[in-house]
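Spelled out from the first residue to the last, the chains are:
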Amino acid sequence: MSDKMKQRFAYAFGAFGHDAYYVTLSTYFMIFVTSTLFTGADKATEAKYIGLITSLVVGIRLVEIIFDPIIGSIIDNTKSKYGKFKPWLVIGGLVSAVALVIIYTNFFGLAVSQPSLYLGLFAVIFIILDSFYSFKDIAFWSMIPALSNDTAERGTLATFARFGSSLGANGTTALVVPIVAFFTAMTGGKGDESAAGWFWFAIVIAVISAGSAIITAKFSKENNTILRRQEKNEKYSIVDVFKAIFMNDQLMWLAISYMFYAIANVATTGVLMFYFKFVIGRVSEFALVGVISMITGIIAALFPILTRLIPRRYVFILGIILMLLGYTSFLVAGNNIGIITLGLILFYFPQQLIFLSVLMTITDSVEYGQWKNGVRKEAVTLSLRPLLDKLAGAFSNAIVGFVAIAAGMTGSATASDITASGIRTYHLYAFVIPGVLMLVSMIIFIWKITLTEKNHAEIVKELESRYKKDENTKL
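The following paragraphs examine the structure supplied in this document. (Residues numbered from 1 in each chain as written. Predicted model: local features only at pLDDT ≥ 70, side-chain atom pairs only at ≥ 80, totals over all residues. Heavy atoms only, no water.)

Considerations on the packing of helix α11 (residues 249-269) against helix α17 (residues 351-373)
Running from amino to carboxyl end, α11 crosses α17 at an angle of 160°, the nearest separation of the two axes being 9 Å. Looking at the two axes, α11 sits roughly antiparallel to α17. Judged by the sense of rotation from one axis to the other, the crossing of α11 with α17 is left-handed. Across the interface between the two elements, Asp249, Gln250, Leu251, Leu254, Tyr258, Tyr261 and Asn265 from α11 touch Gln351, Ile354, Phe355, Val358, Thr361, Ile362, Ser365, Tyr368 and Lys372 from α17. (Axes fitted to C-alpha atoms, helices over the stretch in contact; angles between N-to-C directions. Helix = DSSP H or I, 4+ residues; strand = E, 2+ residues; numbered from the N terminus. Parallel < 35°, antiparallel > 145°, perpendicular 65-115°, else oblique. Left-handed = near helix turned anticlockwise from the far one by under 90°. Contact = heavy atoms within 4.5 Å.)

Pasting the structure below:
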């Protein structure tokens, strides 16, 4: 196997572990909190501390968002014999993996016996987790422009990565219920879930996440191209870091468009388990979500083929339209599993294509910013996408906690306990509002994004000509 193929597969495996971790943190952690963390406490106490945990998670993630571009700047200015990305990929992967396991515990019973102390300790651990996860996240996705200048090869790398991401995130969705149930039974618990079951689930994901980060670091190689040689390793003030972002108009408009999409997407995926558990009362069939999303995720392999036939902007637009049809299916399905399955296919089928369209445009905006503003900042530029996913993840945590409390979907409640009002509340926050946000995302993308594959190729050619001339002049 060639070094290029090894790099592609290693990057795909890194994405596999990375997204398994992301969905475990952004979706299933709040399921753990609402279902088992405060087992043994009375209903009022349980509701109070679920609300506090939700607020704490959202608050920490929102506050730390402002630091992501600064983290990108730190990575951009890292010098080591391993390059600037690998050290942060490995360190961030190991520390965040350990922290994930810790938050999937009740801190030796403190969550029930001394909940105030638990909250304080949890805040410290979660800040550490979120900080090191950000270093890993930004380092991982920022590697693409460092691995190749060619749009086609970038697309291939991203396609491999997104295929791995799909297997990681959707495989976790498909297996979370059986894994938790298995370890619940192995540790003597009753029913489908227990605190011990969730703890061992977190260990499995942590090992995969840390291991995949190490593999990616081992088999990837940064290219020292003429464009990258122009990147100045110098310290920037916070103002300079954000100025590099805000002066890149294509990056900023894309960020706004993607923000609406990402929040809508996680708002739905974060509470889909509630749909099966409380709305239709068939939680055992929740694995269907993971199976469908995993199978439809294979469509990511078609991205390079599709973008040879049509520009990626049309891939994005078509994807949003399909997801809106998926929301419509969910709203009219009732308990009809056939229509629900159709909704899941329409919802998950285009997700990888939408992500790749956005990721490739953000990646190409590295050279766009270099061409327009004379500044090349790979990690700072690519940090914007993880920043927006973190923002979306924070909203996901908030929505899960809010919906669980507002609709009565907490603790030992069953589908028969949920009122018609509770189901309407669920539909509003899981399908209606996200659908509106996706429509807004599509409108902004159509209106403001002009950086195409053809434009990028012309920009790269012009930059290479400019820098070769400069180097020859110096000689």
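Let's talk about empty space enclosed by the protein
Following the criterion strictly, the structure yields 4 cavities of 30 Å³ or more and no others. Considered as a void within the structure, the largest cavity measures approximately 530 Å³ in volume. What lines the largest cavity is a set of 35 residues, among which Asp19, Tyr22, Arg162, Ala169 and Asn265 lie closest to the centre. Listing elements by their share of the lining of the largest cavity, those giving two or more residues are α1 (3-37), α6 (115-142), α8 (151-186), α11, α13 (287-297), α17 and α19 (384-406). With 7 residues, α1 is the largest single contributor of residues to the lining of the largest cavity. For the lining of the largest cavity, the per-class residue count stands at 16 nonpolar, 13 polar and 6 charged. (1 Å grid on protein atoms, 1.4 Å probe; cavity = no way out; pocket = protein on both sides within 12 Å on 5 of 7 lines; lining within 4 Å. Points joined across faces, edges and corners; volume = space filled by probe spheres on them. Nonpolar A, V, L, I, M, F, W, Y, C, P; charged D, E, K, R; others polar.)

What about the environment of Asn455?
Inspection of the secondary structure assignment puts Asn455 in helix α21 (residues 453-474). Residue Asn455 is classed as partly exposed on the basis of its relative accessible area of 30%. It is 24 Å that separates the C-alpha atoms of Asn455 and Tyr261, two residues lying 194 residues apart in sequence. (Buried < 20%, exposed > 50% of the residue type's maximum accessible area, 1.4 Å probe, protein only.)

What to know about the side chain of Ser35
Tracing the chain through its elements places Ser35 in helix α1. Engagement of the side chain of Ser35 in a polar contact is seen with the backbone oxygen of Ile31, the distance being 2.6 Å. Excluding its chain neighbours within four sequence positions, the residues that come into contact with Ser35 are Glu193 and Trp198. (Polar contact = N/O pair within 3.5 Å; in protein donor to acceptor, adjacent residues only side chain to side chain.)

Let's talk about the packing of aromatic side chains
One pass over the full model with this rule turns up 38 aromatic pairs. Taken together, a centroid distance of 5.8 Å and an interplanar angle of 45° make the contact between Tyr368 and Trp371 tilted. Pair noted here: Tyr368 and Trp371 are both in helix α17, with a separation of 3 residues, about one helical turn. The class of Tyr368 is buried, set by a relative accessible area of 12%. (Phe/Tyr/Trp six-rings, centres within 6.5 Å; stacked < 30°, edge-to-face > 60°.)

Some thoughts on the pattern of salt bridges
Enumeration over the complete set of coordinates arrives at 4 salt bridges. Here Lys372 and Asp249 are joined by a salt bridge, their closest N and O atoms 2.6 Å apart. Note that Lys372 is positioned in helix α17 and Asp249 in helix α11, a separation of 123 residues in sequence. The class of Asp249 is partly exposed, set by a relative accessible area of 24%. (Salt bridge = Lys/Arg side-chain N within 4 Å of Asp/Glu carboxyl O.)

Brief notes about unusual backbone geometry
In this structure, Phe107 is a non-glycine residue whose phi angle is positive, near 55°. Topologically, Phe107 is positioned in the loop between α4 (86-103) and α5 (110-113). Residue classification places Phe107 among the buried positions, given a relative accessible area of 9%. At Phe108, a residue that is not glycine, the phi angle is positive and equals roughly 55°. Position of Phe108 among the secondary structure elements: in the loop between α4 and α5.

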